[in-house]
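So the chains spell out like this:
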Amino acid sequence: MKIICDWENCNKEGSYRAPVERDNSKNFKLLCLEHIKIFNKKWNYFSNMNDEEIEYFIKSDLTWHKPTKSFSSSENFFNILWNNALEDKLNIFKSSNFKNFKKTKLSNTDRDALDIMGLNYEAKWEEIQKKFKYLVKKYHPDKNLGSKKFEDNLKKITLAYSQLKISMGKK
Ligand SMILES: [Zn+2]
């Protein structure tokens, strides 16, 4: 029995494997030559993005507010997603939101570190340095009669600062 291409409204023979999930080659669907080409083009579009960026893209208002088509099936959803990405009709990747997102791409550890230092997630390296100097002065045991609590705080702050230093590629 001939397998039909999995693309919407296509009746050609499906003889090319297309992964259904990212990083999972076990799960695949079969497409015809014409559609595997389109699929690969779109798939590559996301290959340089990390999961967070893809998630952002999926959640982005710009994607979801696209009218006329229904997102009822997941298959359809990914088709629409890829179509949008490929054409970038809505300039999603040029939008300032997306740029900002990329710029402030933080790991959970980075976020924790910024929390410990009482900085917001958009803090620039200069601000981090400035805050670190301020905190070191504030919590230095010499200034606090050797208080254990302040010493622990200072340790945490120093660890947080080292973490951010590494993340931001500073020496
Ligand atoms: Zn097809």
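Preceding block: the structure.
Residues numbered from 1 in each chain as written. Predicted model: local features only at pLDDT ≥ 70, side-chain atom pairs only at ≥ 80, totals over all residues.

Considerations on the packing of helix α7 (residues 125-139) against helix α8 (residues 148-167)
This is how it is decided: In this description, a line fitted to the C-alpha atoms serves as the axis of each element, helices being fitted only across the stretch in contact, and the angle between N-to-C directions of two axes falls anywhere from 0 to 180 degrees. Numbered from the N terminus, helices here are DSSP runs of H or I no shorter than four residues, and strands are runs of E no shorter than two. Each angle gets one of four labels, with under 35 degrees taken as roughly parallel, over 145 as roughly antiparallel, 65 to 115 as roughly perpendicular, and the rest as oblique. In a left-handed crossing the near helix is turned counterclockwise from the far helix by less than a right angle, and in a right-handed crossing that turn is clockwise. Once C-beta atoms are placed from the backbone, any two residues with those atoms within 7 Å are in contact. Following the grouping adopted for this structure description, the nonpolar residues are Ala, Val, Leu, Ile, Met, Phe, Trp, Tyr, Cys and Pro, the charged ones are Asp, Glu, Lys and Arg, and the polar ones are all others, Gly among them.
With their axes 9 Å apart at the nearest point, α7 and α8 run at an angle of 165° to one another. Of the possible angle classes, the one that applies to α7 and α8 is roughly antiparallel. The two elements α7 and α8 cross, and the hand of that crossing is left-handed. Together, I128, F132, L135, V136 and Y139 of α7 and F150, N153, L154, I157, Y161 and L164 of α8 make up the contact between the two elements. For the contact of α7 with α8, the class distribution of residues is ten nonpolar, one polar and no charged.

Side note on α7
Selection criterion: The span one expects for a helix is its residue count, reduced by one, times 1.5 Å. Around each residue's C-beta, the other C-beta atoms within 10 Å are counted; 20 or more make the residue buried, 12 or fewer make it exposed, and counts in between make it partly exposed. All C-beta atoms are placed from the backbone. Note that the arc is computed from the directions linking the helix axis to the C-beta atoms.
Between its first and last C-alpha atoms α7 spans 21 Å; for 15 residues at 1.5 Å apiece the expected length is 21 Å, and the two agree. Those residues of α7 lying buried are I128, L135 and Y139. For α7, the angular spread of the buried residues around the axis is 35°, confining them to a single face. Away from its buried face, by an angle of more than 90 degrees, α7 presents the exposed residues E126, K133, Y134 and K137.

What about the nonpolar core?
Rules: In plain words, the nonpolar core is the set of buried Ala, Val, Leu, Ile, Met, Phe, Trp, Tyr and Cys residues that C-beta atoms within 7 Å link up.
Core analysis: the biggest nonpolar cluster contains ten residues, these being A113, L114, M117, I128, L135, Y139, I157, A160, Y161 and L164. Broken down by secondary-structure element, the contributors of at least two residues to this core are α6 (108-116), α7 and α8. Among the elements that line this core, the one with the most residues is α8, at four residues. Within the second largest apolar cluster, five residues are counted, among which are C5, W7, A18 and L31.

Examining α8
For α8, spanning 20 residues, the distance from its first C-alpha to its last is 29 Å, which sits close to the expected 28 Å at 1.5 Å a residue. Those residues of α8 lying buried are I157, A160, Y161 and L164. Buried residues along α8 cover an arc of 100° about the axis, so they all sit on one side. Opposite the buried face of α8, at more than 90 degrees from it, the exposed residues are K148, D152, K155 and S162. For α8, the elements touching its buried residues are α6 and α7. G169 sits one or two positions beyond α8 and adopts a positive phi of about 65°.

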